[in-house]
Amino acid sequence: MAARFHELKVASIERQTPEAVAVAFEIPDGLKDAFAFRPGQYLTLAADIDGQEARRSYSICSAPGDETLRVGVKRVADGRFSSFVNETLSVGDTIRVMPPEGRFTSLTGERHDYVLVAAGSGITPMLSIAKTVLGHEADSTITLVYGNRSTDTIMFREELEDLKDRYMRRFSLIHMLSREAQDVELLNGRIDGPRIGELSRRGLIDLAGADGVFLCGPGEMIDDVSASLRTLGVEEDRIRFERFTPSGDAPKPRPRSAEAQQAAEAGVQIEVVLDGVRRAFPMGEADATVLDAAHRAGLEIPYSCAGGMCCTCRCRVAEGEAEMAVNYSLQPWEIEAGFTLACQTRPTSKKLVLDFDAA
């Protein structure tokens, strides 16, 4: 069943840093099941800003069972939505929110050892994971490496310190600061692959014994640390990541192939299966992707970032063939199974059927 937006009231807005807030929502009794979540998942928010709808995905920082459902929102340069949340949104306002999604979640089972590596607002899903694991897995451990510019930019600082005090033997917290000097030279600077490797060599983090190494932050950090982890012998299936921006040297959207260009010039019949209903619309040369064609046809299909990162528009190719301009979120097995991202999909056949209801 494809997710739909619901109007939720803002219960509280807590200032975390000069550039970030935590926003809590009231969940009506009738929506409790719809907004049940696993730690590490995100919410897609939508609002009309300057006369246009804007959408953005923000990770949940609550743990299941908490009194409120919260997300962390850090203002970014030229960030229309993050600026709106930080400067305009008020307690009592309503905002459109899609139920939780995402696969950047904690492992199943009774005991695990985690290494979490976060930078900036990448702490948001890590806080949810840490709170849940420490509170519900009595023998599990968490080691969190958290990078920021300075002490005053650390989001959820008090909550992290509370966790450290409450779970002294099972929670290790390592702050790395790029613009504020600390006594240990290794902890001065940005998180990167060599620093993670050195933390491991000094025994401050245990990569070999970790059941999962979770990364969240800028694309450059994720790419660099992931490469170092593989060099250090961490198996691919133990590395999980969620990026909120692509890396500076990330692959650019590839040009349309000859097959996609030919199909676009001839016109393609698109059909989507959404909530059990099949809808059809045309896609022409002026439409860059299936998502663009759906918008032009006035059809609402699930999406959030529209940049190939969040996976909200994930669907399966049920008939026809297609290519993606870029992909930051689908795993190789998903692509082999026929899944694609509607926001990046360009048909290479005369007809394309996409199933959004596919698991």
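Values in this document were obtained by computation on a predicted structure and should not be read as measured data.

Taken together, the 5 strands give an open sheet; going across it, the order is β13-β12-β18-β14-β16, and neighbouring strands pair in mixed fashion. Where the open sheet ends on each side, the last strands, each with one partner, are β13 (277-283) and β16 (339-341). Each strand axis lies, on average, 35° off the axis of its neighbour in the sheet, ignoring direction. Pairing geometry for strand β14 (residues 314-319) and strand β18 (residues 351-355), over 3 bridges, is antiparallel. Its bridge partner being in β18, R316 is matched across the sheet by D355.

This brings us to the environment of H112. For H112, the position within the fold is in the loop between β6 (94-101) and β7 (113-119). Within polar-contact distance, the side chain of H112 engages the backbone oxygen of T108 at 3.0 Å.

Our focus in this paragraph is helix α6 (residues 258-266). By the burial criterion, the buried members of α6 are A260, A263 and A264. Seen end-on, α6 carries its buried residues on one side only, within an arc spanning 100°. In α6, the exposed positions that point more than 90 degrees away from the buried face belong to A258, Q262, E265 and A266. Close packing links the buried residues of α6 with β12 (268-274), β15 (322-324) and β17 (345-347). Following α6 by one or two positions, G267 adopts a phi angle in the positive range, close to 95°.

On the basis of which strands lie adjacent, the open sheet formed by 6 strands has the order β4-β3-β6-β1-β2-β5 and antiparallel pairing. For this open sheet the edge positions go to β4 (52-59) and β5 (69-74), each flanked by a neighbour on one side alone. Across the sheet, the axes of successive neighbouring strands diverge by a mean angle of 40°, strand direction being ignored. Pairing geometry for strand β3 (residues 42-49) and β4, over 8 bridges, is antiparallel.

Time to look at the packing of aromatic side chains. In the structure shown here, the tally under the stated rule is 4 aromatic pairs. Arranged with centres 6.0 Å apart and planes meeting at 70°, the rings of F81 and F84 form a pair that is edge-to-face. One end of the pair is F81 and the other is F84, both in helix α1 (residues 80-87) and 3 residues apart, which spans about a single turn. Note on F81: relative accessible area 4%, which makes it buried. Measuring from ring centre to ring centre gives 5.6 Å for Y114 and F214, while their planes differ by 65°; the resulting arrangement is edge-to-face. Highlighted residues: Y114 in strand β7 and F214 in strand β10 (residues 212-218), separated in sequence by 100 residues. A connected cluster of aromatic rings, assembled from ring pairs, spans Y58, F81 and F84.

Parameters at a glance
Residues numbered from 1 in each chain as written. Predicted model: local features only at pLDDT ≥ 70, side-chain atom pairs only at ≥ 80, totals over all residues. Heavy atoms only, no water. Pairing = 2+ DSSP bridges. Helix = DSSP H or I, 4+ residues; strand = E, 2+ residues; numbered from the N terminus. Axes fitted to C-alpha atoms, helices over the stretch in contact; angles between N-to-C directions. Polar contact = N/O pair within 3.5 Å; in protein donor to acceptor, adjacent residues only side chain to side chain. Buried < 20%, exposed > 50% of the residue type's maximum accessible area, 1.4 Å probe, protein only. Arc of directions from axis to C-beta. Contact = heavy atoms within 4.5 Å. Phe/Tyr/Trp six-rings, centres within 6.5 Å; stacked < 30°, edge-to-face > 60°.

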